[in-house]
Amino acid sequence: MQLSPTRSAKLSFTVQLILTLFWLAWASMLLFSADRSYDQNYLYYAFFGLAIVFFFYVMLQNTSVFGVQSYIEVTPQYIVQKFGVFRTKHLIQIPDVAAVHITPLALRLTLRDGSQVYLDLKQVRKKRDLKKIKNKIRDMAELHNYELTDTLSNRI
C-alpha cells in the first residue's frame, strides 16, 4: 500500500519546495555574482552544494521519484511499515500479535509480550487501499487466533 507525503509535517511539501528553490536561487546568485578574487569563495560553493543536497532530500522524502518509498504491507506472516527513504522498516510478526484494535485511521496492535504498536493509517492514499489493509487484518484474525476489535462494532 502506497503512502503519501506525511500530513503531520511541520511544513508542507509545497512550502519545503518553495523554500528550497529560494535557497537554490540565492546560492546561485551568490556563486555567479561573486568576485573571483575573494579568498573565501569556497563558502559559496558549499552553500550551493548544501542547497542541492537538501533539494534532493525533500524530493526523495515527498515524491516517488525512485518508486514507492513509504508503505504498509500486510502479508500472511508479517506486517511491514516503512516511512520514507532514509528510515528503517518496522516489522511485526503476525504470530506475535495478541490483539488488534481497528480505528478509522489507525491500528493498535498488542503483542504477546504486552507491548503495543500503533500503525498510523492517515497516510494511506486511497480508501480502497485502506479497506484492503483492514480486510486483510480481519481475515488473518481467524487464521492466527488474535483478538480483533473495531470502533464501528464492539466485537468482531
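The present account deals with the structure reproduced in this document. (Residues numbered from 1 in each chain as written. Predicted model: local features only at pLDDT ≥ 70, side-chain atom pairs only at ≥ 80, totals over all residues. Heavy atoms only, no water.)

### Describing the overall build of the protein
Secondary structure assignment for the protein yields three helices and seven strands. Sequence-ordered secondary structure for the protein, helices as α and strands as β, is α-α-β-β-β-β-β-β-α-β. Per-residue burial over the protein gives 32% buried out of 156 residues. Counting only carbon and sulfur atoms, one obtains 60% of the accessible surface of the protein, whose full area is about 10200 Å². (Helix = DSSP H or I, 4+ residues; strand = E, 2+ residues; numbered from the N terminus. Buried < 20%, exposed > 50% of the residue type's maximum accessible area, 1.4 Å probe, protein only. Areas by Shrake-Rupley, 256 points an atom, 1.4 Å probe, with all protein chains shown as cover.)

### Thoughts on the packing of aromatic side chains
Evaluation of the coordinates by the stated rule reveals six aromatic pairs. Pairing Trp26 with Phe47 gives two aromatic rings, centres 5.4 Å apart and planes at 85°, and the pair type is edge-to-face. Note that Trp26 is positioned in helix α1 (residues 13-32) and Phe47 in helix α2 (residues 42-62), a separation of 21 residues in sequence. With a relative accessible area of 42%, Trp26 lands in the partly exposed category. On the accessibility criterion, Phe47 (26% relative accessible area) is partly exposed. (Phe/Tyr/Trp six-rings, centres within 6.5 Å; stacked < 30°, edge-to-face > 60°.)

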